[in-house]
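Read off the chains here:
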Amino acid sequence: YLNVLPKLVSDYNNSVHSVTGMKPIDVNTSNEMFLFNKLNYKTKSNVKVKYKVGDQVRVLLNRSVFHKGYTGLWSPEVFVINRI
């Protein structure tokens with residue numbers, strides 16, 4: 001076990017990690033803030049928005065396990081989206 005441990009550590013530190021996109025051995029003080037921001041602050045991607053400003057929607061109500069089937073699942077109020 002102890003004779004293969006240095007090889008395991010070396011292989012781990014020299015492989016590209018999927019989360020960071022870089023090798024742990026390549027992280028240093030010059031790129032640590034870039035990596036910190038990459039891991040902690042998500043950038044907005046090009047996500048298709050399902051609703052637009054001005055659309056009218058209803059909210060799905062939380063129901064218990066024993067709710068009545070004939071009662072509605074949606075809120076009686078109609079809401080208008082004013083910002084996304």
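From a predicted model like this one, the values you see are computed outputs, not experimental measurements. (Residues numbered from 1 in each chain as written. Predicted model: local features only at pLDDT ≥ 70, side-chain atom pairs only at ≥ 80, totals over all residues. Heavy atoms only, no water.)

Draft legend 1. How the structure looks around the overall build of the protein. Per the secondary structure count, the protein includes two helices and two strands. Secondary structure elements in the protein, listed N-terminal to C-terminal, are α-α-β-β. By the compact-globule yardstick of 12 Å for 84 residues, the protein is too spread out, its C-alpha radius of gyration being 25 Å. Summarising its shape, the C-alpha atoms of the protein cover approximately 70 × 35 × 20 Å along the three principal directions. Expressed as a percentage of the 84 residues in the protein, the buried residues total 10%. In the protein, the proportion of contacts linking residues at least 24 apart, taken out of those at least 6 apart, comes to 26%. When the accessible area of the protein is evaluated, it comes to approximately 8,100 Å², of which 59% is carbon and sulfur surface. (Helix = DSSP H or I, 4+ residues; strand = E, 2+ residues; numbered from the N terminus. Rg over C-alpha atoms; globule rule 2.2 N^0.38 Å. Buried < 20%, exposed > 50% of the residue type's maximum accessible area, 1.4 Å probe, protein only. Contact = heavy atoms within 4.5 Å. Areas by Shrake-Rupley, 256 points an atom, 1.4 Å probe, with all protein chains shown as cover.)

Draft legend 2. Highlighting the pattern of salt bridges. According to the stated counting rule, one finds one salt bridge in the structure shown. Here Asp11 and Lys7 are joined by a salt bridge, their closest N and O atoms 3.0 Å apart. In this pair, Asp11 and Lys7 are both assigned in helix α1 (residues 5–13), four residues apart and thus about one turn of the helix distant. In this structure Asp11 comes out as partly exposed when scored by relative accessible area, which is 40%. Overall, the relative accessible area of 53% leaves Lys7 in the exposed class. (Salt bridge = Lys/Arg side-chain N within 4 Å of Asp/Glu carboxyl O.)

Draft legend 3. Examining a nonpolar patch on the surface more closely. On the surface, Tyr1, Leu2, Val4, Leu5, Leu8 and Val9 cluster together into a nonpolar patch covering about 640 Å² of accessible area. Looking at the element boundaries, Val4 is found in the segment before α1. (Patch = residues over 30% accessible without salt bridge, like charges linked within 9 Å, V, L, I, M, F, W, Y side chains within 5 Å.)

Draft legend 4. Region of the structure containing the side chain of Ser75. Its place among the elements puts Ser75 in the loop between β1 (56–57) and β2 (79–80). Given the relative accessible area of 4%, Ser75 is considered buried.

Draft legend 5. The confidence of the model for the protein, seen in detail. Across the protein, the average pLDDT comes to 87, with 96% of residues at 70 or higher. The lowest-confidence element of the protein is helix α2 (residues 32–40), averaging 88 in pLDDT; the highest-confidence one is α1, averaging 95. (pLDDT = per-residue confidence, 0-100.)

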